[in-house]
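An overview of the molecular structure
Take a look at the letters that make up each chain.
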Amino acid sequence: MPGKQITDVVEQLCRRCTENQAVLVVRRDPLCRDCFVRYVHTKVIKHMESFRVRNADPNRQRKLLLALSLGASSVTLLHILDHLLETQTSKSGRTGFGLSVVFVETAGDASHQDRLSKVRQAYPDYDIASLPLHDVFRLVPDQESLSGLLPESATVEELSPADKLVTLFGSLTSATAREDVAATLRTRLVVEYAKSSGCEGVLWGDSTTKLAEKTLAETAKGCGFSLPWHVADGETPFGLAFNYPLRDLLKKELVAYVDVVGSPLPSLVLDSAPTQASMSSKNTTIDDLMKQYFESVEVNFPSIVSNVVRTTGKLKATLTTNDAPACDLCSMPVSDGRFGIHGWGGDQHGIADPILASSGRRLCYGCTRSIPSTTNPTNGSA
Amino acid sequence: MAPSLCAHCKTNRALILRPKDHSKLCRPCFLTTFETEIHHTITSTGLFTRGERIAIGASGGKDSTVLASVLKTLNERYDYGLDLILLSIDEGIKGYRDDSLETVKRNAEQYGMQLCILGYDELYGWTMDQVVEQVGKKGNCTYCGVFRRQALDRGAARLGLTHVVTGHNADDVAETVLMNLLRGDLPRLSRTTSIVTSTPSLAADPAANTHIKRSKPLKYAYEKEIVLYAHHKNLDYFSTECIYSPEAFRGSARALIKNLERVRPSAILDVVRSGEDMAKLVPDSDEGCGRVCTSSVPAAEEEQGGCGSAQGPSSGGDLATLEQALSSDDRAADAALEIEITTSSIAKRTAPLPLTVGKSRKVPKAPNNTRKQPKKQVMGQCKKCGYLSSQDICKACVLLEGLNKNRPKNHIEVGYEPEKEATSVAEAVKQLDVGAG
Ligand SMILES: [Zn+2]
Ligand SMILES: [Zn+2]
Ligand SMILES: [Zn+2]
Ligand SMILES: [Zn+2]
């Protein structure tokens, strides 16, 4: 907690300006409020270089979509981008890019709507959309492959998007499968919304810590092949660019930022339940495990957290994404059409036709672990 | 719980819940399934050739004992035509290997395999006890680690063999994948995921240590199933209470793997799969250089951490050490950034925060570059022993040079060609021992 950090640095001067009293220690340096805020902003703006005014075509405003989760990170990103756009306007009369915001609702939780309306009040200049997750069954153009993931018993044609989502989740057999599928669908929904609203890229609020979690989580889910597109800045197989402007900031630094900056930020952030150390493995998800792991690593070994992200950034996607067939669920290109969990060294059954073995659906290795194989093959196209 | 039938034969009562996929099997079906999977691994990767003589790196522990037993079974069942030999290394630490070497000796009889025990004294001219005597207890972990890395290869070369199989299992591989991600070591991640490390094609001299192929037939086998197999097959193995604590990295990666396995049993296999896929994405890896440079790196690099002499965790690769190295790099990069910020016009406290970093100049990149560029290792051979090394002289030979320089004068000077000299050195040492005792 920032409070604790403050007591730790009592009576110390800020190492950067050597004038003001330090309020917290950042990567071993005691910093004052202003220098800390500047530190955070600098780290973000470094990654927004290509969206500076002088790089912008005055006749064609580039539009970016910010994916808001109402966590400390994405709220901070919105706050800083708002500042950035304000500064750009005051200096040059125009901005380097236009910004839209989207929030994906989690079913059965109303508390976010209250926060969301506060966000809209605090940042009135932006179009802030709120979409239910089941809109993925409305917005994604290839509905056939997506509906093919529903269990066999489902009469897909008669189901509303909301019912489809409930049916899909009802068929998943573990907490981790539900969380993994929800996260994948959320990404796809954000992508489709970005496309439909004319955005050329998505800005994600993932901190260094979150990206490190994601690296190890995707590895653990068997999705190592798709890491270059989940963690790196740039074009993705979705046909638009992903950017992670908070990639150089630790989660704890962003939490401290919300606290240090104060109103209105703390009132906008949705309280996240503390990650429990001892949950039953039945309800634990792979994401939970990685979150716990890096929350503890972050305390004493922040550079190791950044190093994981930096290392993953060096992985190079080899295949040209246009050529490879895509996974029905996550939409990532699967090289050589190696769908499913069969047909590799670790598969001991030696099934010759991987597509047949995965009951007609085209799921990548990782997604096959989440979606049970006993479901409907009818919608799968060969 | 009502007794259920074996999912495989549907006849016997199921006794075993398979850790890998939670299927319920009877004892014979479990054993057969386990063996068949190893057979599948061997045949689908073309691991062995008929008539090949193969050394099984044997420690008497569960992994290598199961490996030896399964290979014997499969060699007979499927007529691989292999000549299997047990190869054990004795570090020369009084008492440390006694029990495990006894186990290996019994295994050799049980499986009707030839056994060869090679000591550090024969391989290097020094036992670990002698090294400790020379350098003290503090620094000897370095020696143990470096010597151990080459020992199997040197031993195999001594026996005139070109292929060593080790008992590394899926848990080990998964652990190494996570560990190398945490450590930021992509080249090593890429090479430890492949079933065969080190390729014989590189070496011109068949007698050189470089001509050793290393492979891990248990790469896809779960540790828990190895334990179950050993148990249900009544194998005679030595359960080592690990007397060293693994280095912090391996320890935390291991704990993570165990937790993942609890959440999703397939996770170990899934990490291995991710590791294999990521290996293809590592720049300048296999694809880049025609499979020569990655696969020719000494396989033994991946050897388990820690050292048999119970001197505590090795310093290299420790979390805190790495953190310190990385964070000073980060600070240098930040400092460069900071200069940039302070030189750009910054408004006073009341003004809006500066949101555009210095418009005129780019952020200096220099301090970052040193680390960003992946260190390209060029592998050659050690000029002294022929072992694959990124340096002119391999680590073992450098350490040996230091040891030998300081060896008391009445000892016999050790040459650098272990092939020729080591035996005489070993004899000399033995004579000295007799004299001293
Ligand atoms: Zn200051
Ligand atoms: Zn997928
Ligand atoms: Zn059976
Ligand atoms: Zn050498």
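These numbers come from a predicted model, not from an experiment.

A separate point is the overall build of chain A. When you go through chain A residue by residue, the secondary structure sums to 16 helices and eight strands. Taking all 382 residues of chain A together, the buried fraction comes to 58%. By sequence separation, contacts in chain A at least 24 residues apart represent 65% of the contacts at least 6 residues apart. Element-wise, carbon and sulfur atoms account for 51% of the exposed surface of chain A, whose accessible area totals about 15400 Å².

Turning next to the domain arrangement of chain A. Residues and elements named next belong to chain A. Under the domain assignment used here, chain A contains domain 1 (44-317) and domain 2 (322-382). For the pair domain 1 and domain 2, the summed buried area comes to about 2000 Å², and 67% of that belongs to carbon and sulfur atoms. Taken together, the links from domain 1 to domain 2 amount to zero salt bridges. In this assembly, domain 1 and domain 2 are joined by three residue pairs in polar contact (both at pLDDT 80 or more). Among the elements of the structure, α6 (143-147), α7 (161-171), α8 (175-196) and α10 (227-231) are those that each provide at least two residues to the side of domain 1 that touches domain 2. Per element, the largest residue contribution to the side of domain 1 that touches domain 2 is six residues, and it comes from α8. Its residues assigned to classes, the side of domain 1 that touches domain 2 comprises 15 nonpolar, eight polar and five charged.

A few words on the pattern of salt bridges. Tallied over the full model, the rule gives 36 salt bridges over all chains. Note that E37(B) and K20(B) form a salt bridge whose closest N and O atoms lie 2.9 Å from each other. Remark: K20(B) occurs in the loop between β1 (16-17) and β2 (24-25) and E37(B) occurs in helix α1 (residues 27-44); sequence separation between them is 17 residues. Note on K20(B): relative accessible area 9%, which makes it buried. Bridged by salt links that share partners, the residues D180(A), E218(A), K221(A), D287(A) and R264(B) form one connected network.

Another aspect to go through is the interface of chain A and chain B. Accessible area lost on assembly of the parts is the figure often given for the size of an interface. Opposite the 70 residues of chain A that make contact, chain B presents 57 residues. For the pair chain A and chain B, the two sides together bury roughly 6000 Å², of which 61% comes from carbon and sulfur. Linking chain A with chain B are two salt bridges, by the criterion used here. R369(A) is the salt-bridge partner of D270(B), the closest N and O atoms lying 2.7 Å from each other.

Okay, the packing of aromatic side chains next. Applying the stated rule across the entire model yields 13 aromatic pairs over all chains. Aromatic side chains F48(B) and Y80(B) sit 6.3 Å apart centroid to centroid with 55° between the ring planes, which places their arrangement in the tilted category. On the criterion of sequence distance, the pair formed by F48(B) in the loop between α1 and β3 (53-57) and Y80(B) in the loop between α2 (62-77) and β4 (83-90) is long-range, its members being 32 residues apart. Residue classification places Y80(B) among the buried positions, given a relative accessible area of 11%. Geometrically, the ring pair formed by Y120(B) and Y124(B) is edge-to-face, given 5.3 Å between the ring centres and 85° between the ring planes. In this pair, Y120(B) and Y124(B) are both assigned in helix α4 (residues 120-124), four residues apart and thus about one turn of the helix distant. By relative accessible area, Y120(B) is classed as buried at 1%. Given the relative accessible area of 2%, Y124(B) is considered buried. Members of the aromatic cluster, each reached through a chain of ring pairs, are F36(A), Y39(A) and Y257(A).

Rules used in this analysis
- Residues numbered from 1 in each chain as written.
- Chains lettered and ligands numbered in written order.
- Predicted model: local features only at pLDDT ≥ 70, side-chain atom pairs only at ≥ 80, totals over all residues.
- Heavy atoms only, no water.
- Helix = DSSP H or I, 4+ residues; strand = E, 2+ residues; numbered from the N terminus.
- Buried < 20%, exposed > 50% of the residue type's maximum accessible area, 1.4 Å probe, protein only.
- Contact = heavy atoms within 4.5 Å.
- Areas by Shrake-Rupley, 256 points an atom, 1.4 Å probe, with all protein chains shown as cover.
- Domains from an automatic or database assignment.
- Buried area = accessible area lost by both parts, 1.4 Å probe.
- Salt bridge = Lys/Arg side-chain N within 4 Å of Asp/Glu carboxyl O.
- Polar contact = N/O pair within 3.5 Å; in protein donor to acceptor, adjacent residues only side chain to side chain.
- Nonpolar A, V, L, I, M, F, W, Y, C, P; charged D, E, K, R; others polar.
- Phe/Tyr/Trp six-rings, centres within 6.5 Å; stacked < 30°, edge-to-face > 60°.

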